[in-house]
Amino acid sequence: MTKKLFIPGPIDVRTDVLEQMTKPMIGHRSKDASLLQESISKKLQQVFYTKSEILLSTSSGSGLMEGAIRSCTSKKAAVFSCGAFGDRWHKMAVTNNVKSDLYKVELGRAIDPQMVDKVLSTGDYDLIAVQHNETSTGITNPIDEIADIVKKYKDIVFCVDAVSSAGGSKIEVDKLGIDILITSSHKALGLPPGMAICTFSQKAIDRADQVEFRGTYFDLLAMYKYLKKKNYQYPSTPSIPLMYAMNYQLDNILKEGLDNRFKRHEDMAQLVRTWAHKHFKLFTDENHLSNTLTVIENTQNINISQLNSKLMEQGMQIANGYGDLKEKTFRISHMGDYQIEDIQYLLKTIDQILEF
Ligand SMILES: *Cc1c(COP(=O)(O)O)cnc(C)c1O
């Protein structure tokens, strides 16, 4: 039985998208490979509302997060964290010997733009890293307000982790002045895991040029230069099957219409929130709720692992809380190509299992 994965990645992939991956290989130095990459880039520029160049990496999203902070921090990075993925970004800096400071807020709360202003006003930093959507707590940070603050500081390279939201929530990269927006294939874009995507602005390019030790595989500037010189190719071999699937799925996404897609995610989120209010409580600050996943506080002390086992018997799976929030919270993801009916069916099944 195929399982419906209501976990925050990987999620279900449509069969017609999967089938794209069985097409015959092409050489990664062929003209066809260039055309494939160029086609993907043009479509992703639409999805992210940007004119910046698009870089693909055959890795999960974490690879580009590490590459971004390493390639583009010259002075010091300010990492803002409202959960596990923010903490991890800071760890990436530390373990790469990149100078950085970590600024945290309480779990379930959003990053406060005033705090960003205060930190940047010290003049100590030349890059900031922040999650658009923090998957461990269900927060969508007030990225518009943060962007307004960042715009005041001309030296700052603005890096945003939108791994669990890009393609499901509207993020206007150029309007917000985001220099590097990062996402993974296997979340809201509805593709299998294995590739990461980022935007790469002129400011980010100029900065990376001043950074001496950028590593090799995740050197964003090397990727960019190679892509420009070799007409949309990469220094190392990319996952051609995933690129076929991505090129095809981006057509689906654009055909659905971006606004329709974002609205569908909002509607699915609304449904889960209403259900959660009825039986439990939302874990997350209600002013900053994510449209791609909902984190619910386990106020009824149900056994979440047990609930999940029963759900799995019926071909569905949700996610337990992340890290310390395990059993204290649970997470329902509603991203990618799921429809309202899929969410309704999931919630109805949970109701039956829990005898609500
Ligand atoms: C899933 C996730 C990541 C890690 O992405 P991978 O593709 O698994 O490396 C990073 N940040 C956020 C917010 C995520 O949800």
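Just so you know, these numbers come straight off a predicted model, no measurement behind them. (Residues numbered from 1 in each chain as written. Predicted model: local features only at pLDDT ≥ 70, side-chain atom pairs only at ≥ 80, totals over all residues. Heavy atoms only, no water.)

(A) Examining the pairing of strand 9 (residues 180-184) more closely. Counting buried positions over the 5 residues of strand 9 gives 5, a clear majority of the element. Taking every second residue as pointing to the same face, both faces of strand 9 are buried, with Ile180, Ile182 and Ser184 on one and Leu181 and Thr183 on the other. Note: strand 8 (residues 157-161) against strand 9, 3 bridges, orientation parallel. What sits directly across from Val160, in strand 9, is Leu181. By the bridge criterion, 3 bridges tie strand 9 to strand 10 (residues 196-200) in an arrangement that is antiparallel. (Buried < 20%, exposed > 50% of the residue type's maximum accessible area, 1.4 Å probe, protein only. Helix = DSSP H or I, 4+ residues; strand = E, 2+ residues; numbered from the N terminus. Pairing = 2+ DSSP bridges.)

(B) Spatial organisation of the site of the ligand. Lining the immediate surroundings of the ligand are 13 residues, of which Ser60, Ser62, Thr135, Asp161 and Lys187 lie closest. Residue Gly61 places a main-chain N or O atom 2.8 Å away from an oxygen atom belonging to the ligand. Within the contact set of the ligand, a nitrogen atom lies 2.7 Å away from a side-chain nitrogen or oxygen of Asp161. In isolation the ligand offers 380 Å² of accessible surface; the protein chains occlude 91% of this area. (Near = heavy atom within 4 Å. Polar contact = N/O pair within 3.5 Å; in protein donor to acceptor, adjacent residues only side chain to side chain. Areas by Shrake-Rupley, 256 points an atom, 1.4 Å probe, with all protein chains shown as cover.)

(C) Here's a closer look at the domain arrangement of the protein chain. Here the protein chain is described as being made up of domain 1 (4-9 + 257-354) and domain 2 (16-254). Once you take the C-alpha centre of each, domain 1 and domain 2 turn out to be 26 Å apart. The interface is formed by 24 residues belonging to domain 1 together with 32 residues belonging to domain 2. Here domain 1 meets domain 2 over a buried area of about 2,200 Å², counting both sides, of which 58% is carbon and sulfur. Across the contact surface, domain 1 and domain 2 share 2 salt bridges. Residues Lys170 and Asp259 are paired through a salt bridge, measuring 3.5 Å at the closest nitrogen-oxygen approach. Remark: the boundary between domain 1 and domain 2 carries 15 residue pairs in polar contact (both at pLDDT 80 or more). The leading source of residues in the side of domain 1 that touches domain 2 is helix 11 (residues 258-279), at 5 residues. Its residues assigned to classes, the side of domain 1 that touches domain 2 comprises 10 nonpolar, 9 polar and 5 charged. (Domains from an automatic or database assignment. Contact = heavy atoms within 4.5 Å. Buried area = accessible area lost by both parts, 1.4 Å probe. Salt bridge = Lys/Arg side-chain N within 4 Å of Asp/Glu carboxyl O. Nonpolar A, V, L, I, M, F, W, Y, C, P; charged D, E, K, R; others polar.)

(D) Structural detail: the side chain of Asn247. As for its position among the elements, Asn247 is in helix 10 (residues 240-256). Classification of Asn247 as buried rests on a relative accessible area of 17%. Within the structure, Asn247 has its side chain in polar contact with the side chain of Lys43 (distance 2.6 Å). Residues in contact with Asn247, not counting those within four places in the same chain, are Leu36, Ser39, Ile40 and Lys43.

(E) Examining the pattern of salt bridges more closely. One pass over the full model with this rule turns up 17 salt bridges. Asp337 is paired through a salt bridge with Arg261; the nearest N and O atoms lie 3.1 Å apart. Remark: Arg261 occurs in helix 11 and Asp337 occurs in the loop between strand 14 (329-333) and helix 13 (340-354); sequence separation between them is 76 residues. In this structure Asp337 comes out as buried when scored by relative accessible area, which is 17%. Judged by relative accessible area, Arg261 falls into the buried class, the value being 1%. Here the residues in one salt-bridge network are Glu256, Arg261, Arg264 and Asp337, joined through shared partners.

(F) Geometry of the sheet that holds strand 10. Strand order in this open sheet of 7 strands is 2-10-9-8-5-3-4, and the pairing throughout is mixed. Because the sheet does not close on itself, it has two edges, and the strands there are strand 2 (53-57) and strand 4 (100-104). Strand-to-strand twist in this sheet, taken as the mean axis angle between neighbours without regard to direction, amounts to 20°. With respect to the sheet, helix 3 (residues 61-72) is in contact with strand 2, strand 3 (77-81), strand 5 (127-131), strand 8, strand 9 and strand 10, its orientation differing from that of strand 9 by roughly 160°. Lying on the sheet, helix 4 (residues 84-95) is in contact with strand 3, strand 4, strand 5, strand 8 and strand 9; it crosses strand 4 at an angle near 170°. (Axes fitted to C-alpha atoms, helices over the stretch in contact; angles between N-to-C directions.)

(G) Inspection of the packing of aromatic side chains at higher detail. The full count for this structure, using the stated rule, is 10 aromatic pairs. Aromatic side chains Tyr217 and Phe218 sit 4.8 Å apart centroid to centroid with 80° between the ring planes, which places their arrangement in the edge-to-face category. Owing to a relative accessible area of 41%, Tyr217 belongs among the partly exposed residues under this scheme. An aromatic cluster of at least three residues, connected via ring pairs, comprises Trp275, Phe280, Phe330 and Phe356. Lys23 extends its terminal NZ or CZ atom over the ring of Tyr244, reaching a point 4.5 Å from the ring centre. (Phe/Tyr/Trp six-rings, centres within 6.5 Å; stacked < 30°, edge-to-face > 60°. Lys NZ or Arg CZ within 6 Å of the ring centre and 35° of its normal.)

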